[in-house]
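# Structure at a glance
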Amino acid sequence: MTSLLNETERQALTKSLPNWTLAEGRDALCRSLDFKDFSEAFAFMTRVALLAEQMNHHPEWFNCYRHVDITLATHDAGGLTQKDVDLAKAIEALLA
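In this text, all values refer to a predicted model and were calculated from it rather than measured experimentally. (Residues numbered from 1 in each chain as written. Predicted model: local features only at pLDDT ≥ 70, side-chain atom pairs only at ≥ 80, totals over all residues. Heavy atoms only, no water.)

A separate point is the nonpolar core. Side chains of a nonpolar character, in soluble globular proteins, are inclined to be buried together. If you look at the biggest cluster of nonpolar residues, it comprises 21 residues, and the most contacted ones within it are W20, L29, F44 and I70. Those elements that provide at least two residues to this core are strand 2 (29-34), helix 2 (38-55), strand 4 (67-72) and helix 3 (82-95). If near-sequence neighbours (up to four positions away) are discounted, I70 is found in contact with W20, L29, C30, R31, L33, F44, P59, E60, W61 and I91. (Core = buried A, V, L, I, M, F, W, Y, C linked by side-chain atoms within 4.5 Å. Buried < 20%, exposed > 50% of the residue type's maximum accessible area, 1.4 Å probe, protein only. Helix = DSSP H or I, 4+ residues; strand = E, 2+ residues; numbered from the N terminus. Contact = heavy atoms within 4.5 Å.)

Here it is in structure tokens:
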């Protein structure tokens, strides 16, 4: 099993992933994005889905028209792990 991030690792997230926040009420990372239209949002989700399959780590997300909310948590570990950080960084690379 993957271990949960310690407090020092969590504090470092604000520097390494400035567009992500810690979820309120649970141990997870979150990011909200707005795109030009539904097609752009769906294309982004498709790219993330392919990446998630490669990494064998899948996001929780919500999509409404051009808006996408992403939540990352490692369910079998019960919270935030390095897997979530790695996926968040990979998602950021897609957006760059």
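This part covers the sheet that holds strand 3 (residues 60-64). Pairing in this open sheet of four strands is antiparallel, and the strands run 1-2-4-3 from one edge to the other. A single partner strand is all that each edge strand has here, and the edge strands are strand 1 (21-22) and strand 3. In the sheet, strand 3 pairs with strand 4 via five bridges, with the strands oriented antiparallel. Of the residues in strand 4, the one forming a bridge with E60 is T71. Where helix 3 meets the sheet, its contacts fall on strand 2 and strand 4, and the angle it forms with strand 2 comes to roughly 15°. (Pairing = 2+ DSSP bridges. Axes fitted to C-alpha atoms, helices over the stretch in contact; angles between N-to-C directions.)

A few words on the side chain of R10. Within the secondary structure, R10 is located in helix 1 (residues 7-16). There is a polar contact of 3.0 Å between the side chain of R10 and the backbone oxygen of L5. Among all residues touching R10, those that are not within four sequence positions of it are L4, L5, D27 and L80. (Polar contact = N/O pair within 3.5 Å; in protein donor to acceptor, adjacent residues only side chain to side chain.)

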